[in-house]
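Per-entry structural report
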Amino acid sequence: MVRKKYNVIIIGGGIGGLSIGSLLSKNMKVLILEKNSTFGGYCSDFKKGEFEFESAVHTINGLYKNNPVYTILEKADALKGIRITQPKYLYRTIFPDYDITVPQKNLDGYKRMLFSLFPKEEENITDIFDVMKSLYTETKRFHIEKSLKRSPFILKYGRRSLKYLLNRFIKDDRLKAIIAQYWLYRGLPPGKLAATTFSYIWYDYTVNGSYFPDTGMVSIIKNMISSIKKNGSDVLGDSEVFRLQAKGDKIVAVELKNGNRLGADIFISNIDVFNTFEMIENGNNKDIKLYLDCLKKNAISISAFKIYLGLNIDVRDLGIKDYEIFLNPRYDMDAMYEASIKNEFEKTPYVITICSNLANVFCKKGHSVISIGALSEYDYWRKLSRAEYAKKKEETIDVILKRCSKILPDVYKYIDVKIAATPLTMERYTGNSKGSVYGWSKRSLLEEIKFMSPTTPIKNLFLSSHWTKIGGGVAGVLLSTDRVYNLLNQKKQ
Ligand SMILES: Cc1cc2nc3c(=O)[nH]c(=O)nc-3n(C[C@H](O)[C@H](O)[C@H](O)COP(=O)(O)OP(=O)(O)OC[C@H]3O[C@@H](n4cnc5c(N)ncnc54)[C@H](O)[C@@H]3O)c2cc1C
């Protein structure tokens, strides 16, 4: 007999689990179970020496007042005392022939810049931007109205790739790569990435801006934990769930690695979706197996390799004032993605984030905190022996830093701290299958509509996290939170 002390048990203390936990704890007794001693999942930080590093996240879209992403965090008491800041520029992007700084929230300025670089494509640029704006507007409306009735652009381009859209409007391959820079944030090249998915993130960042808490993601996480505790609910670290005990079509208890069994009326999984269903014991096995088989047919997002650097120099003194820099070795995005799959890092693009150029909480004066990320495929790393893995990791750091020295001259001279994370690290730390960065692969909006529901064949088990609608990225996870919260509230009434 399991004692039921909680209305809701949430598995996984990432931003999804904590935000839904914080909202529910206002009128329910909630327990959040996190396997690590620290909370936040990909939205956590870590300290090394005198430097503080963001584990993963560097910019968030949609985090502005009166927008759902912001409102959800506000309702979850996550933003108390936090200033949401904006980098001065959206990003700087470097290609073999171009070095462009994209302005924040200034579509006209960006257009004018592109017109001056590609005068023959003025009309084409205007046309593709108009289409992408319509796709954004319709996608946003779709998520509210749950209908595609007023969505002529989604109906026209919903099954099309970004590549199709680019080829339809733009002639110059260099311009295509410049416009499509955010493909990296979706983890898929234009040939595989849905035009709608790209258009949404492109418009939201380019027109509405990029945001970040000036005290780091961890301040959002800490606020939610203290709110949950203040509301009389519990948040437990070092509490890995390894079994979900079912009876018929309901979960009755979670079992922790330490042997504890805990019961509740409702269970929400904010962890890897495959792991969730593999952990279920004694349930209606046929249904669960079918469900799992169906899930396994869908592609998951790629992982990443990340370098974290603590430098004993303020890079602003070297004239580097940017926050986010994309470094592209060429224009062929499909080829760059293929190189990421093969882990040929000399041929892949990087995103360099200089956190200390945005806020001064990451290191002391006269120092810098930098991270460099590249898409990276998991299976390659998994197959290596321990010795090969260590060697490849060091080689990769060298390859990446050598290429980055074009914009971070003499970087080696100033390194106090140097750490690297591979797809295996991502998987180990968060439990996301194959170190998936965003949960499911962002292929097509129409596919997402079909299968990523927060409800499951188990009546009292719900899914939040980047594995459910609306999917990957902080903004997507928070919109999923809202969906699960509303669903549970409707059930209560
Ligand atoms: C390198 C990288 C860069 C990124 N950059 C950005 C960015 O700039 N902007 C952006 O919007 N998004 C970014 N993302 C994506 C974003 O971080 C994620 O989509 C989002 O944080 C996922 O949140 P989540 O709550 O769904 O899950 P997670 O963060 O994966 O949290 C899951 C939590 O569950 C815990 N857990 C797992 N298994 C168990 C278990 N059995 N028992 C108990 N606890 C368990 C884990 O330890 C973890 O804390 C990035 C991701 C990566 C990897």
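The structure we're discussing is the one just above.
Residues numbered from 1 in each chain as written. Predicted model: local features only at pLDDT ≥ 70, side-chain atom pairs only at ≥ 80, totals over all residues. Heavy atoms only, no water.

1. Looking at the overall build of the protein chain
Assigned secondary structure in the protein chain consists of 18 helices and 20 strands. Dimensions of the protein chain along its principal axes, counting C-alpha atoms only, are 70 × 55 × 45 Å. In the protein chain, which comprises 493 residues, the proportion classed as buried is 62%. Sequence separation of at least 24 residues holds for 73% of the intrachain contacts in the protein chain that already meet a minimum separation of 6. Total accessible area computed for the protein chain in this model is approximately 20,500 Å², and 49% of it derives from carbon and sulfur atoms. Computing the positive centroid from 75 side-chain charges and the negative centroid from 53, the protein chain places the two 5 Å apart. (Helix = DSSP H or I, 4+ residues; strand = E, 2+ residues; numbered from the N terminus. Buried < 20%, exposed > 50% of the residue type's maximum accessible area, 1.4 Å probe, protein only. Contact = heavy atoms within 4.5 Å. Areas by Shrake-Rupley, 256 points an atom, 1.4 Å probe, with all protein chains shown as cover. Lys, Arg positive; Asp, Glu negative; His and termini not counted. Charge placed at Lys NZ, Arg CZ, Asp CG, Glu CD.)

2. Some points on the sheet that holds strand 7 (residues 89-94)
Strand pairing in a sheet takes place through backbone hydrogen bonds and is either antiparallel or parallel in direction. Taking strand neighbours across the sheet as the criterion, the seven strands line up as 8-7-16-17-18-15-19 in an open arrangement whose pairing is mixed. Two strands in the sheet have a free side with no partner beyond their single neighbour: strand 8 (99-103) and strand 19 (415-421). Across the sheet, the mean angle from the axis of one strand to that of its neighbour is 15 degrees, orientation sign disregarded. The pairing of strand 15 (residues 303-311) with strand 18 (residues 368-376) spans nine bridges and is classified as antiparallel. Looking at the pairing, A304 lines up with L375 of strand 18. Its contacts with the sheet place helix 15 (residues 386-404) against strand 15, strand 16 (324-327), strand 17 (350-354), strand 18 and strand 19, and it is angled at close to 65 degrees to strand 15. (Pairing = 2+ DSSP bridges. Axes fitted to C-alpha atoms, helices over the stretch in contact; angles between N-to-C directions.)

3. What to know about the environment of I82
For I82, the location among the structural elements is in the loop between helix 2 (68-75) and strand 6 (84-85). A sequence separation of 323 residues divides I82 from S405, and the C-alpha atoms of the two residues are 34 Å apart.

4. A look at the side chain of Q104
Within the fold, Q104 resides in the loop between strand 8 and helix 3 (107-117). Judged by its relative accessible area of 12%, Q104 is buried. A distance of 3.4 Å separates the side chain of Q104 from the side chain of Q86, its partner in a polar contact. The contact partners of Q104, leaving out residues within four places of it in the chain, are Q86, P87, K88, Y89, L90, G209 and S210. (Polar contact = N/O pair within 3.5 Å; in protein donor to acceptor, adjacent residues only side chain to side chain.)

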